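One-letter residues, chain by chain:
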Amino acid sequence: MAERVREAQVSDAAAIGRLLDAFTREYDDFTPGPDALAERIAVLLWSGEVTVLLAGEPPCAVSVLRFRPSLWTEHLECHLAELYVTPERPGQGLGRALLQAAIDHARARGADFMDLGTSADDRVARRRNESFGFTNLERPGGPVMYLYERER
């Protein structure tokens, strides 16, 4: 059953904070907690710094998009910062629905490029991303590209 994906509002901040906290805990990463995440996401939504898409009622899937001016074209670039579906809702197409909605939203905002990161061991996400045309190769037969992170 396909569920409607909708753009989040500031009033959704608590639900978004809970989802992002659960996502982070699932991977044993640091989280400031759902309340702190809700406060931060409320500020970012209000300022227009992020777009958040939600699926399910109550929300059980979330994606967070960040936009920036491109160096290479006059268009925007979109970074899909987060895409999460709760473990209770796997295999129902929510990840695919969110990814398609994210692509559609980015195009509507004028983005001509989107990037995202996925861990090497998340085969489900990698298959989904590749089925939408994302690649971890520079060009066919090219080298594998890596996403690096650094805190402070």
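Keep in mind that what you see is a predicted model, and the values were worked out from it rather than measured.

A.B. asks: Quick rundown of the pattern of salt bridges? Include the residues and the values.
C.D. replies: This model, assessed by the stated rule, comprises four salt bridges. Among the ionic pairs, Asp12 bridges to Arg6, the shortest N-O distance being 2.9 Å. Note that Arg68 and Glu77 form a salt bridge whose closest N and O atoms lie 2.8 Å from each other. Exposure remark for Glu77: the relative accessible area of 11% places this residue in the buried category. One salt-bridge network, held together by shared partners, links Arg68, Glu77 and Asp115.

A.B. asks: For the packing of helix α1 (residues 13-26) against helix α2 (residues 34-47), give the residues involved together with the corresponding values.
C.D. replies: At their nearest, the axes of α1 and α2 sit 7 Å apart, and the two run at 125° to each other. When the axis of α1 is compared with that of α2, the two are oblique. Note on packing geometry: the crossing formed by α1 with α2 is right-handed. Facing Ala13, Ala14, Ile16, Gly17, Arg18, Leu20 and Asp21 of α1, the residues of α2 in contact are Pro34, Leu37, Ala38, Ile41, Ala42 and Leu45. Classifying every residue of the contact of α1 with α2 gives 10 nonpolar, one polar and two charged.

A.B. asks: How would you explain the nonpolar core if you had to name every residue and give the values?
C.D. replies: Formed by 20 residues in total, the largest nonpolar core has its most connected members in Leu65, Cys78 and Met114. When residues of this core are traced back to their parent elements, those giving at least two are β2 (50-55), β3 (61-69), β4 (76-85), α3 (94-108) and β5 (111-116). Per-element tally for this core: the top contributor is α3, with seven residues. In terms of nonpolar packing, the next biggest core, distinct from the first, is built from 18 residues, Leu37, Leu44, Leu45 and Tyr84 among them.

A.B. asks: Now, about the side chain of Arg6: what can you tell me, with residues and values included?
C.D. replies: Tracing the backbone shows Arg6 in strand β1 (residues 5-7). A polar side-chain atom of Arg6 sits 2.9 Å from a polar atom in the side chain of Asp12.

A.B. asks: Talk me through the packing of α3 against helix α4 (residues 123-131); I want residue IDs and the actual numbers.
C.D. replies: Between α3 and α4, the shortest axis-to-axis distance is 11 Å and the interhelical angle comes to 40°. With respect to α4, the axis of α3 lies oblique. As α3 runs across α4, the sense of the crossing is right-handed. Each of Gly95, Arg96 and Leu99 in α3 lies in contact with α4, whose residues at this interface are Arg128, Asn129 and Ser131.

A.B. asks: So, the pairing of β3: which residues are in play, and what are the values?
C.D. replies: Pairing of β2 with β3, which is carried by six bridges, proceeds in the antiparallel orientation. What sits directly across from Leu53, in β3, is Ser63. In terms of strand pairing, β3 meets β4 through nine bridges, oriented antiparallel. Note that in β4 the partner of Phe67 across the bridge is Cys78. Linking β3 back to β4 in an antiparallel pair, the connection comprises six residues.

Basis of the calculations
- Residues numbered from 1 in each chain as written.
- Predicted model: local features only at pLDDT ≥ 70, side-chain atom pairs only at ≥ 80, totals over all residues.
- Heavy atoms only, no water.
- Salt bridge = Lys/Arg side-chain N within 4 Å of Asp/Glu carboxyl O.
- Buried < 20%, exposed > 50% of the residue type's maximum accessible area, 1.4 Å probe, protein only.
- Axes fitted to C-alpha atoms, helices over the stretch in contact; angles between N-to-C directions.
- Helix = DSSP H or I, 4+ residues; strand = E, 2+ residues; numbered from the N terminus.
- Parallel < 35°, antiparallel > 145°, perpendicular 65-115°, else oblique.
- Left-handed = near helix turned anticlockwise from the far one by under 90°.
- Contact = heavy atoms within 4.5 Å.
- Nonpolar A, V, L, I, M, F, W, Y, C, P; charged D, E, K, R; others polar.
- Core = buried A, V, L, I, M, F, W, Y, C linked by side-chain atoms within 4.5 Å.
- Polar contact = N/O pair within 3.5 Å; in protein donor to acceptor, adjacent residues only side chain to side chain.
- Pairing = 2+ DSSP bridges.

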